[in-house]
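# A closer look at the structure
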Amino acid sequence: MPRLPANGMCALSMFSGGGGLDLGFERAGFAHVASYEILSICGETLLHNRPDWKVFAGEEEGDVQHVDWAQYQGEVDLLHGGPPCQPFSIAGHQRGAEDDRNMWPSFIRAVLAIRPRVFVAENVPGLLNPKFKDFVKETIEDPLEGHYRLHRFIMQAERFGVPQIRKRVFIVGFR
């Protein structure tokens, strides 16, 4: 993807991992506000590639469950992230809300506190399994109802030049 000129909008990242979404939004013209990632090694990777970025990583700084997201209200146009997928993947035994790694409530809490113009969340297609229908409605859709217009869709990485066969579900909300 060619790097686009700055668009005057700012992005914040949760569950940043190695920074794939962060770098993609940077290339799309968004200014970086901050990245949050609980794995220290991932934060080190982000800082190695973008030493001037504000990266909160590790058990203390990167744990999104304890961040006061209101500090970013009015500063963030786009919030993006991929809450851990293990609770909804076959490999993670599909325990959903019963899995300690379920961070969807933290993502929704951040959206409601920051009130970005747009949010983008990605996860495994297993999230849309009928088994999780009530979870998606009660944990994701209901709290955002009246605040955001939601769109969900599945994308296949290989259709965008990524050298892997991988499907991901995206939930995008427009305020």
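Scroll up to find the structure this text is about.
Throughout what follows, the structure given in this document is the object of discussion. (Residues numbered from 1 in each chain as written. Predicted model: local features only at pLDDT ≥ 70, side-chain atom pairs only at ≥ 80, totals over all residues. Heavy atoms only, no water.)

### Quick look at the pattern of salt bridges
What the rule picks out here adds up to 7 salt bridges. Across the pair E26 and R50 runs a salt bridge whose closest N-O atoms are separated by 2.7 Å. On the criterion of sequence distance, the pair formed by E26 in helix α1 (residues 20–27) and R50 in the loop between α2 (40–49) and β3 (55–57) is long-range, its members being 24 residues apart. The salt bridge involving E141 is made with R152; its shortest N-O contact spans 3.5 Å. Residue E141 is located in helix α5 (residues 133–144), and its partner R152 is located in strand β6 (residues 149–156); the two are separated by 11 residues in the primary sequence. (Salt bridge = Lys/Arg side-chain N within 4 Å of Asp/Glu carboxyl O. Helix = DSSP H or I, 4+ residues; strand = E, 2+ residues; numbered from the N terminus.)

### Remarks on the packing of aromatic side chains
Considering all chains together, one arrives at 11 aromatic pairs under this definition. Each ring, one from F25 and one from F30, has its centre 5.5 Å from the other, and the planes form 90°; the classification is edge-to-face. In this structure F30 comes out as buried when scored by relative accessible area, which is 16%. An aromatic cluster is built from Y36, F56, W69 and Y72, whose rings are joined through pairwise contacts. For R50, the ring lying beneath its charged end belongs to W53, and the centroid distance is 5.8 Å. (Phe/Tyr/Trp six-rings, centres within 6.5 Å; stacked < 30°, edge-to-face > 60°. Buried < 20%, exposed > 50% of the residue type's maximum accessible area, 1.4 Å probe, protein only. Lys NZ or Arg CZ within 6 Å of the ring centre and 35° of its normal.)

### Considerations on α5
Taking 1.5 Å of rise per residue, the 12 residues of α5 would be expected to cover 16 Å, and the 16 Å separating its terminal C-alpha atoms lies within 8% of that figure. Residues of α5 that are buried include every one of F135, V136, T139, I140 and L144, and no others. Take α5 and look down its axis: the buried residues cluster within an arc of 105°, on one side only. Across α5 from its buried face, at more than 90 degrees, point the exposed residues K133, D134 and E138. Here the buried face of α5 lies against α4 (104–114), β5 (118–123), β6 and β7 (167–174). Where α5 terminates, the next one or two residues include G146, which has phi positive at roughly 85°. (Expected span 1.5 Å × (residues − 1). Arc of directions from axis to C-beta. Contact = heavy atoms within 4.5 Å.)

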